[in-house]
Amino acid sequence: MIWTRRGRVLTYLAMTAGVVIVLFPYYWLTVMASNTTSEIYASPPRLTFGGQLAHNIGQVFAKVDFFGSLLNTVLVAVATTALVLFFDSLAAFTFAKYRFPGSSALFAVLLATFVVPTQLAAIPQFAIMADFGWVGSLKALVIPAAANAFGIFWMRQYCQGALPDELLEAARMDGCGFFRTYLSVALPVLRPALAFLGIFTFVTAWNDYLWPLVVLIDSNHVTLQVALAQLNTVYVKDYSVVMAGTLVAVVPLLVVFLFGARHFVRNIAAGALKG
């Protein structure tokens, strides 16, 4: 009994420490965003909130086209997430539950792309976008990211364990075709995996910096991360303003994560109760 109580106490302490470690960077980001640059470099460091947060956020809005770049980022992230959820889940469902000539070899080639750094594909991908005439357009960010190997692999592994073959056989006996089976049978079962993949894809698209910097040569169509990078100039580095911009850019991600995580947990709990 004593060891059980000690185990619970240690568990709660470990969970509390984990929460503090996870949340402290956001707290420190807010502290830096609410102080001046000189106060950020003070020794010992200032650990309390300052009174410059509204001023620093105002400087962000004045120095960069924040709302324009925010709209571009939202469009890219939402469109990319929607396309990835559709194409990756469709491909994963096919790989997991159907056999066709060359399926194993094709999936092996897909897995092999994991070892290829994304930076190596930047030059040939830019050449392709130039041939299509998409350089400087948001289409150059959305279309190449419409499907990815990680999403297909993740969804395939989940589909193999969560979607029984008997359920598919029952759907076929009821006269369901491939797409009807995918839409009416597979997708409801795959919702927890789709929730995780949606969060992962949205965050990745939102935080992407290198590819938008390369392909969006028109400064009127930059994404949020590229716009925030413009706050750091060669001669002036006001880190309090940079942190304020970063803080404002993180808020939509937190909202998406909280909404998606709740949906993810709710679907897992529903599946556990049904099981």
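Since we're looking at a predicted model, the values are computed, not measured. In this convention, every chain numbers its residues from 1, walking through the sequence in written order. Selection of residues for local features in this predicted model requires a pLDDT of at least 70, selection of side-chain atom pairs for listing and counting requires 80 or more, and totals for whole chains, interfaces and linings are taken over all residues. Working from all heavy atoms in the structure, the side-chain values ignore hydrogens and water.

Moving on: the overall build of the protein. A run of H or I in DSSP becomes a helix once it reaches four residues, and a run of E becomes a strand once it reaches two; helices and strands are each numbered from the N terminus. For the protein, the count of helices and strands is 14 helices and zero strands. Starting at the N terminus and ending at the C terminus, the protein contains elements arranged as α-α-α-α-α-α-α-α-α-α-α-α-α-α. Projected onto the principal axes, the alpha-carbon positions of the protein cover approximately 70 × 70 × 30 Å. Each residue's exposure class comes from its accessible area (1.4 Å probe, protein chains only) as a fraction of the maximum for that residue type: buried when under 20%, exposed when over 50%, partly exposed otherwise. Taking all 275 residues of the protein together, the buried fraction comes to 32%. In this analysis, two residues are considered to be in contact whenever any of their non-hydrogen atoms come within 4.5 Å of each other. By sequence separation, contacts in the protein at least 24 residues apart represent 73% of the contacts at least 6 residues apart. For the area figures, the Shrake-Rupley method with a 1.4 Å probe applies, and any residue is considered shielded solely by the protein chains shown. About 16400 Å² of surface is accessible on the protein, with carbon and sulfur atoms providing 71% of the total.

Residue types Ala, Val, Leu, Ile, Met, Phe, Trp, Tyr and Cys, when buried and joined through side-chain atoms within 4.5 Å, form a set referred to as a nonpolar core. Core analysis: the biggest nonpolar cluster contains 25 residues, and Val60, Leu228 and Leu231 have the highest contact counts within it. Put simply, the parts of the chain that give this core at least two residues each are helix H1 (2-33), helix H4 (66-97), helix H11 (191-207), helix H13 (224-229) and helix H14 (239-274). When residues in this core are grouped by element, the largest group, eight residues, is from H14. Once you skip the residues sitting within four places of it in the chain, Val60 turns out to touch Phe66, Leu228, Leu231, Val241, Ala244 and Gly245. Counting 17 residues, the second-largest nonpolar core is a separate cluster that includes Ala92, Phe93, Leu163 and Leu168.

Another point: H11. Expected span, for any helix, means 1.5 Å times one less than how many residues it has. The first and last C-alpha atoms of H11 sit 24 Å apart over 17 residues, in line with the 24 Å expected at 1.5 Å per residue. Listed as buried for H11 are Pro192, Ala193, Leu194, Ala195, Leu197, Gly198, Ile199, Thr201, Phe202, Ala205 and Trp206.

Considered for burial, the residues of helix H5 (residues 103-112) that qualify are Ser103, Phe107 and Leu110. End-on view of H5: buried residues confined to an arc of 55°, all on one side of the axis. Set apart from the buried face of H5 by more than 90 degrees, the exposed residues are Ser104, Ala105 and Val109. In this description, the arc belongs to the directions extending from the helix axis to the C-beta atoms.

What follows is about the packing of H5 against helix H8 (residues 149-162). Only the stretch in contact is used when fitting a helix axis, every axis being a line fitted to C-alpha atoms; angles between N-to-C directions are given from 0 to 180 degrees. Packing of H5 against H8 leaves a shortest axis separation of 9 Å and a crossing angle of 125°. Judged on the interaxial angle alone, H8 and H5 are oblique. For the pair H5 and H8, the sense of crossing is left-handed. In contact with Phe107, Leu110 and Leu111 of H5, H8 contributes Ala149, Ile152, Phe153 and Arg156. The residue classification treats Ala, Val, Leu, Ile, Met, Phe, Trp, Tyr, Cys and Pro as nonpolar and Asp, Glu, Lys and Arg as charged. All others, Gly included, are polar. For the contact of H5 with H8, the per-class residue count stands at six nonpolar, no polar and one charged. The labels follow the angle: roughly parallel below 35 degrees, roughly antiparallel above 145, roughly perpendicular from 65 to 115, and oblique for the rest. Working rule for handedness: look at the near helix, and if it is turned counterclockwise from the far one by less than a right angle, call the crossing left-handed; if clockwise, right-handed.

Each aromatic pair joins two rings of Phe, Tyr and Trp (for Trp, the six-membered one) with centres within 6.5 Å, and gets the label stacked for planes under 30 degrees apart, edge-to-face for over 60, and tilted for any other angle. The tally for this structure, following the rule as stated, stands at 23 aromatic pairs. Between Phe202 and Trp206, the aromatic rings sit 5.7 Å apart at their centres with planes inclined by 25°, giving stacked as the arrangement. Taken together, the residues Phe202 and Trp206, both in helix H11 and four residues apart, mark about one turn of the helix. One exposure class covers both Phe202 and Trp206, and it is buried. Aromatic rings pair up to connect Phe86, Phe87, Phe93, Tyr98, Phe178, Phe179 and Tyr182 into one cluster. Two limits define a charge over a ring: the Lys NZ or Arg CZ must be within 6 Å of the ring centre, and within 35 degrees of the ring normal. If you follow Arg156 out to its NZ or CZ, it ends over the ring of Phe107, 4.2 Å from the centre.

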